[in-house]
Each structure stands twice: as C-alpha cells, then as structure tokens.
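Chain by chain, the residues:
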Amino acid sequence: MLVVMKDHASSGDIQHIVDLLTEAGAEAHLSRGEIKTIIGVIGDREVIYTLDFEGMPGVEQVIRVLKPFKLVSRDFQSEDTVVTVRGSAIGGGAFGVIAGPCSIESEEQMMTTARAVKAAGATMLRGGAYKPRSSPYAFQGMGVEGLKLLRQAGDAVELPVVTEVLDVRDAETVAQYADILQVGARNMQNFMMLDELGTMKRPVLLKRGLSATIEELLSAAEYVLKGGNRDVILCERGIRTFETYTRNTLDLGAVAALKSLTHLPVIADPSHAGGRRELVAPMSRASIAAGADGLMIEVHPDPERARCDGPQSLTPADFEALMADLGPRLALERKLLGVTG
Ligand code: PEP
Ligand code: MN
C-alpha cells in the first residue's frame, strides 16, 4: 500500500501515519520529495487490510497494490482447478453444460427435462427449489419437495444436480439433495453464507452479482476458499447496464479477464444475461470463444407455461439444436487452445 501525502503535508501529519503503521505492526518506508512525501507500507495482508488512512489529515490518496484476494488468484495456483462431481468435470479443458428449468414445478416437468437435456449432451441438471423473486407475490419455488424431485430426476438420468441455496439456514438441507450449491447473483456478497459454504463438502457455483465488479466476485470466492472449500465455479450471468432491450448485459470481457486472473473454472449463463430465448445460442457461441469452461442454460418442456423465466428458456428441441451446433465449435476451440483429453 502507498499513502500519498498532500503537497507540503506537515511533519506532524506524516509522523501520525507512521505511528499508526508501527502500532499495527507494519513497516513504513518514507520517500520524501521537496513537495510530496509518499509512505510505502509493508506488512501482512491482514494487517494492511485493517488500515484505512483515507481522509486523514495530510493524506491525499491511498493506493492499494495488493489484490484483496489470494487463494483464488493464478499467482497463488497456476494450474486450472477442475471441479468434478459424480464423474462430471468443469475446468482444466473439461467443458460443462448445466441445463434445466429455472424452477422445479412438477415431477413430470423435471423428468421430461432431465431426459431431454441428458440425451442432448448436458453434463449437469439444474432446477431451482428456492427462487429469489423480485416480487413477493411471484412463485417462490417448491422448497424441499422440489429438491426431492430434482434429485430423483438427476438420479434417473445419471446427472449431477445443481440448485440454489437462497438462505443460509437451508444450506444443510439443500446439501442433502444437491451435488453443487449455487449462490445466486443476489447473494454473491452474503458473506455469512459464503463463510458457511466454505466449511461444507459441496462445490459452490458462485454467480456474479448484478452490479458486482470482477474484483468483488473474486473476493466473494475468496471467502469460500478461505473456509477450506476449494471447489468453486464462477458464473458470469450478465450485469446491470443502461441497456433495457436485454435483461442484463453479458460481460464476456469478464470471462476472458477471469480466466487470466483466477485458476477457478468460469462459466457463462446466457439465459439470465439476455433474458431472451433467441440470444441464448449466439451468446453461448460467444462465451466459448471468450474462453468459458462451461454454460448454464435454462430449458423448459413448455416455456409458455413456465412459472419462472419462460421467455429465456429453450425448448428441448432448441437445446438439442444448440448442443449439436456447439459440439464442433468446442472441438475446434480446444484444438486452437491446444487442450487435449
Ligand atoms: C437462476 O439461476 O435461476 C437465478 C436465479 O440466477 P441469478 O441468481 O443469476 O439471477
Ligand atoms: Mn431463472
């Protein structure tokens, strides 16, 4: 960290900062110019992050050179993390496709969808039992009954299942039924939930918050890794921008940036990003080109009657066509990247 003092800051102001640093156990290295003094700070990351000199007398600017995350960074681990559940892998060259309805609605809906997505080549099944709805009057999900239907459908077609933990109080229950625990965009910075999932033995699918920066997403993932759970998949699901034609804006720059910043697998969710069925295929292709390790795609047997997110859901036939189209692209992309296996 660098503390840049104001022009001609008094020696008392400079000494005050140096004293606070010494007290906290950090080292202060002064670079004194004729006009400006800059204090270079060296010390433990934990110590430096508790220090905040912004706004103190004589302080012009505080520049943090240390990233607020460590365990998730490529500097810490250069090889890709591969998250594997029930034989399905994501990361390190393995491309995962998580498909299924937005919300679990009935046994028939789940079984039909599970069979269709499995036949088309999906590697994991999704479905929400606890739904984060903007309106309290909208369908909130089937709860535990839904979890049971999801598990049953996943077992029937031999696909691992992914579902959202909306409330930390449900984490243990959800973990009894699900292979991967999803943290939704609205909970990305629910730090108590992240702490809790960090202690659990289930991989976490962490979706980017609606207005979260890349650094905030990585810092959220750091909470889970810090707790001891190294299996985190990041998901770019579109961010809020001024654009209203699409539900959100799929930030593919973030996918490419994340791939270089972190060793964790990064997937894209073109369904929630665009909010429109017709955008799912082109945005899936673009996600592959940007380097994504997988996709999350909403599929519903009858989107017009879906209780949630129908307009962005693909029919099983649409999904089959998309998978047939993506296969050769993936093979080509992997060849270009020199990925084997
Ligand atoms: C979902 O995956 O169904 C969902 C609610 O996504 P998000 O948290 O990204 O809005
Ligand atoms: Mn949805």
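Just so it is clear, the structure is predicted and the values come from calculations on it, not from any experiment. (Residues numbered from 1 in each chain as written. Chains lettered and ligands numbered in written order. Predicted model: local features only at pLDDT ≥ 70, side-chain atom pairs only at ≥ 80, totals over all residues. Heavy atoms only, no water.)

Novice: I keep staring at the coordination of the manganese ion (ligand 2) and nothing clicks. Help me out?
Specialist: The reference angle at a metal is 109.5 degrees if four donors form a tetrahedron and 90 or 180 degrees if six donors form an octahedron. Taken together, the protein ligands of the manganese ion (ligand 2) are Cys102 (SG), His272 (NE2), Glu298 (OE) and Asp309 (OD), with distances of 2.0 to 2.4 Å. Here the donor residues of the manganese ion (ligand 2) are spaced in sequence according to C-x169-H-x25-E-x10-D. Separated by 37 residues along the polypeptide, His272 in helix H9 (residues 270-274) and Asp309 in the loop between strand S14 (294-298) and helix H11 (316-337) bring together distant segments of the chain. The same class applies to His272 and to Asp309, which are both buried. (Donors = N, O, S within 2.8 Å, 3.2 Å for Na, K, Ca; no water. Helix = DSSP H or I, 4+ residues; strand = E, 2+ residues; numbered from the N terminus. Buried < 20%, exposed > 50% of the residue type's maximum accessible area, 1.4 Å probe, protein only.)

Novice: Would you mind showing me how to read the pairing of strand S2 (residues 27-32) here?
Specialist: As a general feature of sheets, a regular strand has side chains that alternate between the two faces. Sheet topology note: the S2/strand S3 (residues 37-42) ladder contains six bridges and is antiparallel. Looking across to S3, one finds that Ala28 is bridged to Val41. In this antiparallel pair of consecutive strands, S2 and S3, the connection spans four residues. (Pairing = 2+ DSSP bridges.)

Novice: Can you help me understand the site of ligand 1 in this one?
Specialist: Lining the immediate surroundings of ligand 1 are 13 residues, of which Arg126, Lys131, Ala185, Lys207 and Arg237 lie closest. Arg186 has a polar side-chain atom sitting 2.9 Å from an oxygen atom of ligand 1. The separation between an oxygen atom of ligand 1 and a polar side-chain atom of Lys207 is 2.9 Å. For ligand 1, the accessible surface in isolation is 300 Å², of which the surrounding protein chains cover 97%. Classifying every residue of the shell around ligand 1 by side-chain character gives three nonpolar, three polar and seven charged. (Near = heavy atom within 4 Å. Polar contact = N/O pair within 3.5 Å; in protein donor to acceptor, adjacent residues only side chain to side chain. Areas by Shrake-Rupley, 256 points an atom, 1.4 Å probe, with all protein chains shown as cover. Nonpolar A, V, L, I, M, F, W, Y, C, P; charged D, E, K, R; others polar.)

Novice: So what exactly am I meant to see when it comes to the domain arrangement of the protein here?
Specialist: Many analyses report the size of an interface as the accessible area lost when the parts associate. Domain parsing of the protein yields domain 1 (2-63) and domain 2 (83-337). The C-alpha-based centres of domain 1 and domain 2 are spaced at 44 Å. (Domains from an automatic or database assignment.)

Novice: Whenever I open this one, helix H1 (residues 11-24) confuses me. Can you help?
Specialist: If you check H1, its first and last C-alpha atoms are 20 Å apart, about what 14 residues at 1.5 Å a residue would give, namely 20 Å. Looking only at H1, the buried set comprises Ile14, Ile17, Val18 and Leu21. What you see down the axis of H1 is that its buried residues fit within an arc of 95 degrees, all on one side. Of the residues trailing H1, Gly25 is marked for its positive phi of about 95 degrees. (Expected span 1.5 Å × (residues − 1). Arc of directions from axis to C-beta.)

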